[in-house]
Amino acid sequence: MPELPEVETVRRGLEPALVGRVLSRVSVRRRKLRIPVPDGFEAALNNRRVTALTRRAKFLLVHLDDGNCVIAHLGMSGRFLIYAGAPPEPGPHDHVILETDAGVSVYFNDPRRFGFLDLVPAHSLDRHRFLRRLGPEPLGNAFDAVLLGERLAGRSGPVKTVLLDQSVVAGIGNIYACEALFRAGISPRRKASNVTGMRLKRLAAAIRDVLSEAIEAGGSSLRDHRQPSGELGYFQHQFAVYGKEGEPCPNCDCTRKISRVAQAGRSTFYCARRQR
Ligand SMILES: [Zn+2]
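*Asks:* Please explain the sheet that holds strand β3 (residues 59-64) as it appears in this structure.
*Replies:* Strand pairing in a sheet takes place through backbone hydrogen bonds and is either antiparallel or parallel in direction. If you trace the 4 strands from one edge of the open sheet to the other, you get β2-β3-β4-β8, paired in antiparallel fashion. Lying at the two open borders of the sheet, with one neighbouring strand each, are β2 (50-56) and β8 (116-121). Strand-to-strand, the axes of this sheet are offset by a mean angle of 20 degrees, without reference to chain direction. Relative to β8, strand β4 (residues 68-73) runs antiparallel, the two sharing 6 bridges. When the sheet's bridge partners are listed, valine 70 is paired in β8 with leucine 119. Here helix α1 (residues 4-18) sits on the sheet and contacts β2 and β3; the angle it forms with β2, its principal contact strand, is near 180 degrees.

Here it is, written out as structure tokens:
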């Protein structure tokens, strides 16, 4: 499942194809996605210029020149394919097609259909059912140890599980919660409200760092591996602990092996010695 850095990589890859362009033809081949593509979606987008492409947590926001905004979510398996020139015949999983006045076609492809495209006025974005409860952006200017401390205060669950709550911090998924806690040296089982002082500072910094580094890596994969298929290829880069059960602990002379436990139904990978 794409996490925040992968969605940001997709945003950066789509930006040159869409921003500043007029959508000359929009077709919806299948409306039944996680939420249905709204009636009138095609008509509302046709002949509109894209003014900006932004991101909120794991949602892509395509801003149009009439004040409307497309909210796109990749779900489990969603992706965008970009074709300059003649595009291939759409396949069964190519659900929405945007053509621009520059002759570029953008396909929204999603085999499992947990992704969606919705259309709302930009001024009501914050009230959208998927966006209204989102916590602060971990890469936003306001995110620091003080803000994170406010979000964790009074939360008695384990910090790993609390970090996955999108109303606490938006856009942190299972992979980067594990990686940030490892880097900060904090046990995933520690009560969230007991992450304070230096631990809190280390965690806020680690969250920003693991996400920023993954975005950097995604950016270079975008430059180096542009796919002839048109796919915005993002590569799962190397993780320190995620998926590494039984392997030697990295960046640490503890000689322990990485452990895995289930927390709230999700696998947590960590070093039991380093993380306290
Ligand atoms: Zn270790």
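*Asks:* Before we go on, may I ask you to explain the sheet that holds strand β1 (residues 23-28) in this structure?
*Replies:* Strands sit in the order β1-β6-β7-β5 across an open sheet of 4 strands; the sheet is antiparallel. At either end of the open sheet lies a strand with only one pairing partner, and these are β1 and β5 (79-84). Across the sheet, the axes of successive neighbouring strands diverge by a mean angle of 15 degrees, strand direction being ignored. The pairing of β5 with strand β7 (residues 104-109) spans 6 bridges and is antiparallel. Bridging from a neighbouring strand, isoleucine 82 pairs with valine 106 of β7. Here α1 sits on the sheet in contact with β5, β6 (94-100) and β7, set at roughly 145 degrees to β7.

Criteria and cut-off values
Residues numbered from 1 in each chain as written. Predicted model: local features only at pLDDT ≥ 70, side-chain atom pairs only at ≥ 80, totals over all residues. Pairing = 2+ DSSP bridges. Helix = DSSP H or I, 4+ residues; strand = E, 2+ residues; numbered from the N terminus. Axes fitted to C-alpha atoms, helices over the stretch in contact; angles between N-to-C directions. Contact = placed C-beta atoms within 7 Å.

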